[in-house]
Amino acid sequence: IAMYRAKAAGRARVALFDASLRAQLAAEVSLERELRKAIERGQLTLAFQPIFDLETGDIHAFEALARWHHPELGPVPPASFLPVAEDSALMSVLTQWVLGEACAKFKTFRRTADQGSQPGLHVNVSGTDMCRANFVGQVSSALLVNGVEPSQLTLEITETTLMKRLDSALGVMGRLREIGVGL
């Protein structure tokens, strides 16, 4: 754990394993376990934040944001649970859920919205997702199942993770652009 902390801080760094690292590790392991349960039990929700066109004041798009209200802890900030998902094998499962749920809600919104208004959908994804070979299929499936056009979806990518693995992500990003998804 100390070695990973030192590596994360940069080259030629030192970190000591102490009680605070032990407590942090225990908290992260517990949060990962709870997040896994939350995904399985459907305890996550999406909040939709409007993105406005500043010139016209019209809604340009809606950004889907994952939210978790833990039954005992209350609201868990995304800044707490997303890094845990990123460091574990949960990010792909979480992304799959967010994409499917966001597209389904977007489809419902589109049916009830004013036909003159055509806002898009933005979904945050991890740079790790962009490095998975099956990610384009996952996105295509969510779009197809929910009748959402690829041009209506924009994926917002976490830059820090992406920059570490850019070479492996470029092919996936290219295929997403080919099918019409915005990045």
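Residues numbered from 1 in each chain as written. Predicted model: local features only at pLDDT ≥ 70, side-chain atom pairs only at ≥ 80, totals over all residues. Heavy atoms only, no water.

Turning our attention to the packing of aromatic side chains. Aromatic ring pairs: the centre-centre distance and the angle between the two ring planes describe each pair. One pass over the full model with this rule turns up two aromatic pairs. Relative to F109, the ring of F62 lies with its centre 5.0 Å away and its plane at 70°, an arrangement referred to as edge-to-face. You can see F62 sitting in strand β2 (residues 59–70) and its partner F109 sitting in helix α4 (residues 91–112), a full 47 residues away along the chain. A relative accessible area of 27% places F109 in the partly exposed class. Their ring planes at 85° and their centres at 5.7 Å tell us that W68 and F81 sit as a pair that is edge-to-face. Of this pair, W68 sits in strand β2 while F81 sits in helix α3 (residues 78–87), placing them 13 residues apart in sequence. (Phe/Tyr/Trp six-rings, centres within 6.5 Å; stacked < 30°, edge-to-face > 60°. Helix = DSSP H or I, 4+ residues; strand = E, 2+ residues; numbered from the N terminus. Buried < 20%, exposed > 50% of the residue type's maximum accessible area, 1.4 Å probe, protein only.)

By the bridge criterion, nine bridges tie strand β1 (residues 44–52) to β2 in an arrangement that is antiparallel. Considered in β2, the bridge of P50 is made with F62. Counting the residues in the hairpin turn of β1 and β2 gives six residues, including G57, whose phi is positive at 80°. (Pairing = 2+ DSSP bridges.)

Now for the layout of surface pockets. Rolled over the atoms, a probe with the dimensions of a water molecule shows which regions are left empty. Of the volumes computed, that of the largest pocket is approximately 1,200 Å³. Every residue lining the largest pocket is counted, 38 residues in all, and those nearest its centre are L82, P83, V84, E86 and D87. Here the lining of the largest pocket gets eight residues from one element, more than from any other, and that element is α3. Among the residues forming the lining of the largest pocket, the class breakdown is 18 nonpolar, ten polar and ten charged. (1 Å grid on protein atoms, 1.4 Å probe; cavity = no way out; pocket = protein on both sides within 12 Å on 5 of 7 lines; lining within 4 Å. Points joined across faces, edges and corners; volume = space filled by probe spheres on them. Nonpolar A, V, L, I, M, F, W, Y, C, P; charged D, E, K, R; others polar.)

The predicted model of the chain has a mean per-residue pLDDT of 87, with 94% of residues at 70 or higher. Per-element averaging of pLDDT across the chain places helix α6 (residues 159–164) at the bottom with 67 and helix α5 (residues 135–146) at the top with 95. (pLDDT = per-residue confidence, 0-100.)

The next point concerns the pattern of salt bridges. Scanning the model with the defined rule gives four salt bridges in all. K105 serves as the salt-bridge partner of E101, at 3.5 Å between the closest nitrogen and oxygen. Of this pair, E101 and K105 are both found in helix α4, four residues apart, which corresponds to roughly one turn of the helix. According to the relative accessible area criterion, E101 is partly exposed, its value standing at 27%. A salt bridge links D129 to R132; the nearest nitrogen and oxygen atoms lie 3.0 Å apart. The burial state of D129 is the same as that of R132; both residues are buried. (Salt bridge = Lys/Arg side-chain N within 4 Å of Asp/Glu carboxyl O.)

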